[in-house]
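One-letter residues, chain by chain:
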Amino acid sequence: MTTPRIHVLALSGSLRAASANTRLLKIAAELAPAGMSVELYEGLGDLPHFNPDLDGDDPPAAVRRFRERLQAADGVLVCTPEYANGVPGMLKNAMDWVVSSGEFYEKPTCTISASPLAIGARTAHDSLLLTLGMMTAKRVDGGSLTIPLVNKKLSAEGGLTDDATEAELRRLLEALAAACGS
Ligand SMILES: Cc1cc2nc3c(=O)[nH]c(=O)nc-3n(C[C@H](O)[C@H](O)[C@H](O)COP(=O)(O)O)c2cc1C
C-alpha cells in the first residue's frame, strides 16, 4: 500500500446529512489516485458568522482549527450546491474567514458544483471561482467540474452510478495531484 504523500482537504457547501455534495467528496476520497488522501473537513458549520472584529490576535477556536487544517493541506477540493443563485452562506462564510489570513494563497484548489437541476449550480460555481481568485488560490488546469442532475447519478446507497461523471472526477483528482506535486 502506498503511503499518501499528498493531503487534500475537502470542503462541502452543504450541511445536510444526506447531501449529494458531501457524498461526492466521500466518493472522491475513494477514487483518489495512489499517493493522495482526501479528508472531509467536518467543522464548517461550527464557524461563527464572519466578523472582522472577532478576527484579532485570538480568533475563535473553530476559526483557528479551520485555518490549521487548511495550512496543513497540500491542496483543497470544494464541492458545493447552489442556493438562490449563489454560494451557500455557510461556505461563503468559511471563505470570508480566510481572506485576510491567506491560507488559500497559491494553494492548488479544485472546484465541483452539483445540483439536482440541469444547470448544475453553475452560477454558484462561477461565484466561488471569483472568491478563490481573489484569495489567489492556484487554479488547476482541468480542476473544475459541474455536475447537473446529480440526483440521477447517485444510487440510494450513495454510490456514483454515472460512468462519465466518475471518469470526470478521476481526471479532476489526477489534475489536483499533479498540481500539488509540482
Ligand atoms: C432554498 C433553496 C434554494 C435553492 N436554490 C437553488 C438554485 O438557485 N440553483 C440550484 O441549482 N439549486 C437550488 N436549490 C437546490 C439545491 O441545489 C439542492 O437542494 C441540493 O441538493 C443541495 O445540495 P446537497 O444535496 O449537497 O445538500 C435550492 C434549494 C433550496 C432548499
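Since the structure is predicted, the reported quantities are computational estimates derived from the model, not experimental observations.

## What to know about the UniProt feature "domain: NADPH-dependent FMN reductase-like" (unreviewed entry) in the protein chain
Point 1. With numbering matched to this structure, UniProt assigns "domain: NADPH-dependent FMN reductase-like" (unreviewed entry) to residues 7-148.
Point 2. Regarding residues 7-148, the helix share stands at 32% and the strand share at 24%, and the terminal C-alpha atoms are separated by 28 Å.

## Digging into the nonpolar core
Point 1. Residues Leu24, Met36, Leu77, Ile112, Leu169 and Leu176 are the most contacted members of the largest nonpolar core, which totals 32 residues.
Point 2. Only β1 (6-12), α1 (20-31), β2 (36-40), β3 (75-80), β4 (108-114), β5 (138-147) and α5 (163-181) provide two or more residues apiece to this core.
Point 3. No other element matches α5, which puts 8 residues into this core.
Point 4. Residues in contact with Leu176, not counting those within four places in the same chain, are Val8, Met36, Val76, Leu77, Pro108, Thr109, Cys110 and Val140.
Point 5. Counting residues in each nonpolar core, the second largest holds 25 residues, with Tyr41, Ala62, Val76 and Leu91 among its members.

## Overview of the packing of aromatic side chains
Point 1. All told, the structure shown has 2 aromatic pairs when counted by the stated rule.
Point 2. Considering the side-chain rings of Phe50 and Trp97, the 4.9 Å spacing of their centres and the 90° angle between planes classify their relative orientation as edge-to-face. With Phe50 in the loop between β2 and α2 (61-72) and Trp97 in helix α3 (residues 89-97), the pair connects residues that are 47 residues apart, well separated along the chain.
Point 3. Assessed through its relative accessible area of 30%, Phe50 is described here as partly exposed.
Point 4. Trp97 sits in the buried class, given a relative accessible area of 0%.

## Description of the site of the ligand
Point 1. The immediate surroundings of the ligand are formed by 13 residues, with Ser14, Arg16, Ser19, Asn21 and Ser115 found nearest.
Point 2. One nitrogen or oxygen atom from the side chain of Asn21 is found 2.8 Å from an oxygen atom belonging to the ligand.
Point 3. Asn85 is positioned with one of its backbone polar atoms (N or O) 2.9 Å from an oxygen atom of the ligand.
Point 4. Expressed as a share of its isolated accessible area of 620 Å², the protein-covered part of the ligand is 68%.

## So, the packing of α3 against helix α4 (residues 122-134)
Point 1. Between α3 and α4, the shortest axis-to-axis distance is 11 Å and the interhelical angle comes to 10°. Classified by the angle between their axes, α3 and α4 sit roughly parallel to one another. Where α3 approaches α4, its residues Leu91, Lys92 and Met95 are matched on the opposing element by Leu128, Thr131 and Leu132.
Point 2. Tallied by class, residues from the contact of α3 with α4 come to 4 nonpolar, 1 polar and 1 charged.

## Digging into the sheet that holds β1
Point 1. Taken together, 5 strands build an open sheet; the order of strands is β2-β1-β3-β4-β5 and the sheet is parallel. Only two strands of the sheet have a single neighbouring strand rather than two, namely β2 and β5. Looking at each pair of strands side by side, their axes are set apart by 20° on average, direction ignored.
Point 2. The pairing of β1 with β3 spans 5 bridges and is classified as parallel. Along β3, the bridge assignment pairs Leu9 with Val76.
Point 3. α2 rests against β1, β2 and β3 of the sheet, and its axis sits at about 140° to β1.

Criteria and cut-off values
Residues numbered from 1 in each chain as written. Predicted model: local features only at pLDDT ≥ 70, side-chain atom pairs only at ≥ 80, totals over all residues. Heavy atoms only, no water. UniProt positions renumbered as here; feature names shortened; annotations may be inferred. Helix = DSSP H or I, 4+ residues; strand = E, 2+ residues; numbered from the N terminus. Core = buried A, V, L, I, M, F, W, Y, C linked by side-chain atoms within 4.5 Å. Buried < 20%, exposed > 50% of the residue type's maximum accessible area, 1.4 Å probe, protein only. Contact = heavy atoms within 4.5 Å. Phe/Tyr/Trp six-rings, centres within 6.5 Å; stacked < 30°, edge-to-face > 60°. Near = heavy atom within 4 Å. Polar contact = N/O pair within 3.5 Å; in protein donor to acceptor, adjacent residues only side chain to side chain. Areas by Shrake-Rupley, 256 points an atom, 1.4 Å probe, with all protein chains shown as cover. Axes fitted to C-alpha atoms, helices over the stretch in contact; angles between N-to-C directions. Parallel < 35°, antiparallel > 145°, perpendicular 65-115°, else oblique. Nonpolar A, V, L, I, M, F, W, Y, C, P; charged D, E, K, R; others polar. Pairing = 2+ DSSP bridges.

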